[in-house]
Amino acid sequence: MVNVVMAGCGAMSKQWLDAVRQIDGLSIVGLVDLDADRAKARAREYDLTGAVIGTSLDAVLDQTSPDAVFDVVVPAARREVAFSAFAHHCHLLTEKPLADSPENARAIVEAARQAGRIHAVVQNRRYVANVRRIRRFLSSGAIGAATSIHADFFVAPHFGGFREEMAHVLLLDMAIHTFDAARYMVGGEPASVYCQEWEPASSWYRQGSSASAVFDLGGGKVFTYAGSWCAAGFRTSWESTWRIVAERGSLVWDGDDELKAEVALPVRDGLFDRTGPIAVPPLDPADRVGGHLGIIQDFMRAIETGTEPETRGADNIKSLAMVFGAIESAETGRRVAIAEEAQ
């Protein structure tokens, strides 16, 4: 049995606890929130009658001595939660983003290393089935090496609350899903970025609801991202819509179920190479999927076996560096090198 204390009992905690219900051998022994009534309500909702409730993470950790901490707090509190978890010899699984600044991200990753604890990030879009299929298909070389990756994200949610008051809201709170997926699908190592942010006249966000960025992912691969959180009409998937251009063909994915590829044939129709469809194979049994459930299971497996989870902080910091690089570029108006310490 792996005993866990959850820090943060807001709306996002429901996705975590829904996943926990499906996992044998995991017990929530404590719930922590600045609002004790909110923690108590979550305990009643999920029948966590034996969980210790508190407003101080240190106090609840002292009382429960768990194996791990689930961090579902706001990004600004990540560092404090991480340091508390590692000081109590706990492993840590944290909601994305890993941290609210490059400095805090590096400090958390280093603290995990020094403590010898497993530290992973809920980068749940990486556990989407079609993301796995795309990675495997491109790795097979069926259409050659990827040369450019293009993702569009256009939705218009009215969240209310802290998101509508955040600076760089799209880049900091959402774009990391797309950035991490792009890096994963093509095996990219981010080298630089140029980004522009703007606020449409119709926006209900304080700052940074719309952005466009161009990344150098190394090895001749360029990644373009265009997104908005206040684009009414023709909504894309939450996973974005994708076009990946490779040496001998292309792949397109609507972010939902439609995934298809074409390969160039050794014959031309006038100016153009003729192309034909090529099948993208189904999931492999070894592919990790399942969103929050898959990641928590992976984290549990890492604790039990001593292995490193795929979304470990020491790797995820590279995706977060893409976010902070894009923010710096948007603020300065210049192309920004991705920090070497994240490589």
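Look up a bit, the structure's there.
Just so it is clear, the structure is predicted and the values come from calculations on it, not from any experiment. (Residues numbered from 1 in each chain as written. Predicted model: local features only at pLDDT ≥ 70, side-chain atom pairs only at ≥ 80, totals over all residues. Heavy atoms only, no water.)

Visitor: Teacher, can you tell me more about the layout of surface pockets here?
Guide: Unoccupied space between atoms shows up once a probe the size of one water molecule is rolled over them. Considering only enclosed or pocket space, the largest pocket measures out at about 970 Å³ in volume. Secondary structure elements with two or more residues in the lining of the largest pocket: helix H1 (13-20), helix H3 (57-64), helix H4 (78-87) and helix H7 (169-186). At four residues, H4 tops the list of elements feeding residues into the lining of the largest pocket. Residues of the lining of the largest pocket, tallied by class, amount to 19 nonpolar, ten polar and ten charged. Volume-wise, the second largest pocket comes out at about 230 Å³. Lining the second largest pocket are 13 residues, and of these Ala-112, Arg-113, Arg-117, Glu-308 and Ala-314 sit closest to its centre. Here the lining of the second largest pocket gets five residues from one element, more than from any other, and that element is helix H5 (residues 102-115). (1 Å grid on protein atoms, 1.4 Å probe; cavity = no way out; pocket = protein on both sides within 12 Å on 5 of 7 lines; lining within 4 Å. Points joined across faces, edges and corners; volume = space filled by probe spheres on them. Helix = DSSP H or I, 4+ residues; strand = E, 2+ residues; numbered from the N terminus. Nonpolar A, V, L, I, M, F, W, Y, C, P; charged D, E, K, R; others polar.)

Visitor: Teacher, can you tell me more about unusual backbone geometry here?
Guide: What is expected of a backbone is that most residues other than glycine have negative phi and most peptide bonds are trans. Here Lys-96 and Pro-97 are connected by a cis peptide whose omega angle stands at -10°. When you line up the elements, Pro-97 lands in the loop between strand S5 (91-95) and H5. With a phi close to 55°, Asp-47 is a non-glycine residue in the positive phi region. Here Asp-47 falls in the exposed class, since its relative accessible area comes to 60%. (Buried < 20%, exposed > 50% of the residue type's maximum accessible area, 1.4 Å probe, protein only.)

Visitor: Sorry if this is basic, but what is going on with the side chain of Asp-298 here?
Guide: When you line up the elements, Asp-298 lands in helix H8 (residues 291-305). Look at Asp-298 and you get buried, because its relative accessible area is 4%. At 3.2 Å, the side chain of Asp-298 forms a polar contact with the side chain of Arg-288. (Polar contact = N/O pair within 3.5 Å; in protein donor to acceptor, adjacent residues only side chain to side chain.)

Visitor: Explain the sheet that holds strand S13 (residues 259-269) to me, please; I cannot follow it from the model alone.
Guide: In sheet architecture, strand pairing relies on hydrogen bonds along the backbone and comes in two forms, parallel and antiparallel. Judged by pairing direction, the sheet is mixed, and its nine strands sit side by side in the order S14-S13-S12-S11-S7-S10-S9-S8-S15 without closing on themselves. Each having just a single partner strand, strand S14 (272-278) and strand S15 (336-337) make up the two edges of the open sheet. Pairing between strand S8 (residues 192-198) and strand S9 (residues 210-216): seven bridges, direction antiparallel. Counted as the bridge partner of Trp-198 is Ser-210 from S9. Sheet strands in contact with helix H6 (residues 129-139) are strand S11 (241-246), strand S12 (249-253), S13 and S14, and its direction is about 175° off that of S12. Contacting strand S7 (146-154), S8, S9, strand S10 (222-228) and S11, H7 crosses the sheet at an angle of about 150° to S10. (Pairing = 2+ DSSP bridges. Contact = heavy atoms within 4.5 Å. Axes fitted to C-alpha atoms, helices over the stretch in contact; angles between N-to-C directions.)

Visitor: I'm lost on the sheet that holds strand S3 (residues 52-54) in this one. Help?
Guide: The parallel open sheet is built from six strands, whose spatial order is S3-S2-S1-S4-S5-S6. Since the sheet does not close on itself, it has two edges, and those belong to S3 and strand S6 (119-122), each with one partner. Between one strand axis and the next, the sheet turns by 25° as a mean value, whatever way the strands run. In the sheet, S5 pairs with S6 via four bridges, with the strands oriented parallel. Its bridge partner lying in S6, Leu-93 is registered against Ala-120.

Visitor: Sorry, what's going on with the packing of H5 against helix H9 (residues 313-332) here?
Guide: Packed helices, taken two at a time, are described by their axes: the angle between them and the distance between them. Relative orientation of the contacting elements H5 and H9 amounts to 175°, with a least axis distance of 10 Å. Between H5 and H9, the angle falls in the class roughly antiparallel. Residue-level contacts link Pro-102, Ala-105, Arg-106 and Val-109 of H5 to Gly-313, Ala-314, Ile-317, Leu-320 and Phe-324 of H9. (Parallel < 35°, antiparallel > 145°, perpendicular 65-115°, else oblique.)

Visitor: What is the right way to look at the pattern of salt bridges in this model?
Guide: With the rule as written, the count across this model stands at 25 salt bridges. In this structure, the salt-bridge partner of Lys-96 is Asp-173, at a minimum N-O distance of 3.9 Å. Placement of the pair is Lys-96 in the loop between S5 and H5 and Asp-173 in helix H7, with a sequence separation of 77 residues. Classification of Asp-173 as buried rests on a relative accessible area of 5%. (Salt bridge = Lys/Arg side-chain N within 4 Å of Asp/Glu carboxyl O.)

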